[in-house]
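Spelled out, the chains give:
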Amino acid sequence: TGCFTFDPGFVSTASCRSAITYIDGDQGVLLYRGYPIEQLAKHSSFQEVAYLLMYGELPSKQQFDAFSHEVTHHTMMHEALKSFLNGFRHDAHPMAMLCGVVGSLSSFYHEQLDMDDPEHRRLAAIRLIAKVPTIAAACYRYSIGWPVRYPRNNLEYVNRFLHMMFEVPSEPLELPPVAAKALDLLFILHADHEQNASTSTVRLVGSTGANPYACVSAGIAALWGPAHGGANEAVLKMLEEIGTADQVGKAIEKAKDKNSGFRLMGFGHRVYKNFDPRATIIREMCHKVLDELGVHDPLLEVAMKLEEAALKDDYFVQRKLYPNVDFYSGIIYKALRIPTEMFTVMFAIARTAGWVAHWLEQQSDPDAKIGRPRQIYTGADSRDYVALAKR
Ligand code: CMC
């Protein structure tokens, strides 16, 4: 009973008003605060994009320097967090660790957080942007048994992260410039995507007034699934399983067979019924990275064949299934020596910028209400309890 609109998966329900990101899925358009993703990808940096998402405008030089300084000086994680890491099994998935450790930040910043004070909220957002990469790199190093590396505050965001991941004592880390450039680009492209499952989760948890670190931890949990951020890891595993370009035809047939339980990972999108503009940019960067690093990865050939075959196949054409952001990103991560289990963590680092922007927007929205969907009840009618002995 009840007069509700039944909209499973919220395909046609707007849950909020937002001025952050605009998508036109039919035209393949993506704008952050009005700026086309192609222009940001070409000219901006992840740190600047994080500012843009959070504050709504591109920063002046002075604003940018102040923002970077502030983010840089919140990059340390509390030493006590190392004990959290030590509690995980050595083979824990880094997303499980990230989700737990980021959630635990709420225990460090709860009492002093006045949720009604915009400055306190802003500081929580800065802390998240600053600390998530540190925690992510720490999770990785724990998983391979290396000591955690402190953030080097003389480096900017992406380089700092790569150093925390790979640097060993007394050995300068030689990073080809294309590595930081490619990672920065991937972070820009993953920074926000309006009301996707993880951002909606952050907002839903945020709507109850919960601590922002708990909200972002919930977002990380939502991102983990293979239908969402976990797809980048799933794509690489799929490409490895397909193995060689001559096996692509079989994979396509299997993806079309509904009984196979197999989908082409990195293909299709709830909103894009055209090329995902991010996929086009990533594909170009993928070629550039492999060229500049002199890497020959046969998986790129498999990916290209797969894309070509799918785009010619009626099944994919009729359903408007195109490569999405995750299709080529894994090949880039792999070339940068980032292990497959860390791919979704990379996505989480970037998406933290979007999550906190949405959380801040929601917290200052006078129309925001607790999220409380209704349901269509399909259970039993009212009936009388039967004593255990009589059942
Ligand atoms: N391979 C084969 N068939 C597919 C695929 C795919 N990747 N994606 C959708 N379909 C079919 C689906 O079976 C359905 O067919 P039919 O109409 O005959 O029942 C039709 O296309 C529509 O699919 P849907 O599941 O109703 O669409 P959705 O909007 O609910 O799902 C999606 C979107 C992204 C979850 C889905 O396309 C998918 O599972 N893709 C693979 C996973 C993936 O790459 N996810 C990353 C998304 S982009 C990054 C992010 O936002 O996190």
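Quantities reported herein were computed from a predicted structural model and do not represent experimental measurements.

J.: What exactly am I supposed to notice about the confidence of the model for the protein chain here?
T.: The predicted model of the protein chain averages 94 in pLDDT, with 99% of residues at 70 or higher. Note on the complex model: pTM 0.94, ipTM 0.96.

J.: When you look at the pattern of salt bridges in this model, what are you seeing that I'm missing?
T.: Charged atoms that come close allow side chains of opposite charge to pair. Considering all chains together, one arrives at 16 salt bridges under this definition. In this structure, the salt-bridge partner of R122 is E119, at a minimum N-O distance of 3.0 Å. Taken as a pair, R122 and E119 lie in helix 6 (residues 118-143) at a separation of three residues, close to a single helical turn. A relative accessible area of 41% places E119 in the partly exposed class. The salt bridge involving R278 is made with D276; its shortest N-O contact spans 2.8 Å. Take D276: its relative accessible area is 1%, and that puts it in the buried class. Taken together, the shared-partner salt bridges connect E70, E119 and R122 into one network.

J.: Which parts of the structure should I look at to understand the side chain of N196?
T.: Inspection of the secondary structure assignment puts N196 in the loop between helix 8 (177-190) and helix 9 (197-206). At a separation of 3.3 Å, a polar atom in the side chain of N196 contacts the side chain of H228. Ignoring sequence-local partners within four residues, the contact set of N196 consists of H228 and R351.

J.: Sorry, what's going on with the side chain of R351 here?
T.: Of note, R351 is situated in helix 17 (residues 343-363). Lacking a salt bridge, the buried R351 has D192 as its closest oppositely charged neighbour, with an N-O distance of 4.8 Å. Setting aside residues no more than four positions away along its own chain, R351 makes contact with H190, A191, D192, H193, N196, S198, T199, H228 and R278.

J.: Looking at this model, I keep getting lost on the sheet that holds strand 1 (residues 21-24). Mind explaining?
T.: Consider a sheet: its strands pair through backbone hydrogen bonds, and that pairing is either parallel or antiparallel. Here three strands make up an open sheet; going across it, the order is 1-2-3 and the pairing antiparallel. Every other strand in the sheet has two partners, leaving strand 1 and strand 3 (35-36) as the edge strands with one partner each. Relative to strand 2 (residues 29-32), strand 1 runs antiparallel, the two sharing four bridges. By the bridge assignment, I23 is partnered in strand 2 with L30.

J.: I'm lost on the packing of helix 6 against helix 7 (residues 157-166) in this one. Help?
T.: Describing two packed helices takes the angle between their axes plus the distance from one axis to the other. Put simply, helix 6 and helix 7 touch, their axes get as near as 8 Å, and they point 20° apart. The angle between helix 6 and helix 7 places the two elements in the roughly parallel class. For the pair helix 6 and helix 7, the sense of crossing is right-handed. Note on element contacts: helix 7 touches helix 6 through Y157, F161, H163, M164, M165 and F166, opposite I129, P133, T134, A136, A137, Y140 and R141. Per-class residue counts for the contact of helix 6 with helix 7 are ten nonpolar, two polar and one charged.

J.: So what exactly am I meant to see when it comes to the nonpolar core here?
T.: Within soluble globular proteins, side chains that are nonpolar generally end up buried alongside one another. One finds L98, L183, L264, L306 and I338 to be the most contacted residues of the largest nonpolar core, which totals 122 residues. Each residue touching I338, except ones within four places of it in the same chain, is listed here: M165, F166, L183, Y333, F343 and M346.

J.: Explain helix 12 (residues 248-256) to me, please; I cannot follow it from the model alone.
T.: Note: α-helices contain 3.6 residues per turn, so residues at a spacing of three or four share the same orientation. If you check which residues of helix 12 are buried, you get V248, A251, I252 and A255. Considered in projection along helix 12, the buried side chains sweep an arc of 100° and stay on one side of the axis. Each element contacted by the buried residues of helix 12 is listed here: helix 11 (231-242), helix 14 (298-312) and helix 15 (314-318).

J.: How should I be thinking about the pairing of strand 2 in this particular structure?
T.: On any regular strand, side chains alternate: one points to one face of the sheet, the next to the other face. In strand 2, alternate side chains face the same way, and those of L30 and Y32 are buried while those of V29 and L31 on the opposite face are not. Here strand 1 folds back onto strand 2 in antiparallel fashion, the turn holding four residues, of which G28 has a positive phi close to 70°. Pairing geometry for strand 2 and strand 3, over two bridges, is antiparallel. Note that in strand 3 the partner of L31 across the bridge is P36. With antiparallel pairing between neighbouring strands as the criterion, strand 2 and strand 3 make up a hairpin whose turn holds two residues, including R33 at a positive phi of roughly 50°.

J.: What is the right way to look at the site of the ligand in this model?
T.: Around the ligand sit 22 residues in total, of which H228, R263, L264, G266 and R270 are the nearest. Contacts to the ligand include G229, whose backbone N or O atom sits 3.5 Å from an oxygen atom. Interatomic distance of 2.7 Å between a side-chain N/O atom of R270 and an oxygen atom of the ligand. For the ligand, whose free accessible area comes to 930 Å², the fraction covered by protein is 76%. Considering only residue class, the shell around the ligand consists of eleven nonpolar, six polar and five charged.

Conventions we followed
Residues numbered from 1 in each chain as written. Predicted model: local features only at pLDDT ≥ 70, side-chain atom pairs only at ≥ 80, totals over all residues. Heavy atoms only, no water. pLDDT = per-residue confidence, 0-100. Salt bridge = Lys/Arg side-chain N within 4 Å of Asp/Glu carboxyl O. Helix = DSSP H or I, 4+ residues; strand = E, 2+ residues; numbered from the N terminus. Buried < 20%, exposed > 50% of the residue type's maximum accessible area, 1.4 Å probe, protein only. Polar contact = N/O pair within 3.5 Å; in protein donor to acceptor, adjacent residues only side chain to side chain. Contact = heavy atoms within 4.5 Å. Lys, Arg positive; Asp, Glu negative; His and termini not counted. Pairing = 2+ DSSP bridges. Axes fitted to C-alpha atoms, helices over the stretch in contact; angles between N-to-C directions. Parallel < 35°, antiparallel > 145°, perpendicular 65-115°, else oblique. Left-handed = near helix turned anticlockwise from the far one by under 90°. Nonpolar A, V, L, I, M, F, W, Y, C, P; charged D, E, K, R; others polar. Core = buried A, V, L, I, M, F, W, Y, C linked by side-chain atoms within 4.5 Å. Arc of directions from axis to C-beta. Near = heavy atom within 4 Å. Areas by Shrake-Rupley, 256 points an atom, 1.4 Å probe, with all protein chains shown as cover.

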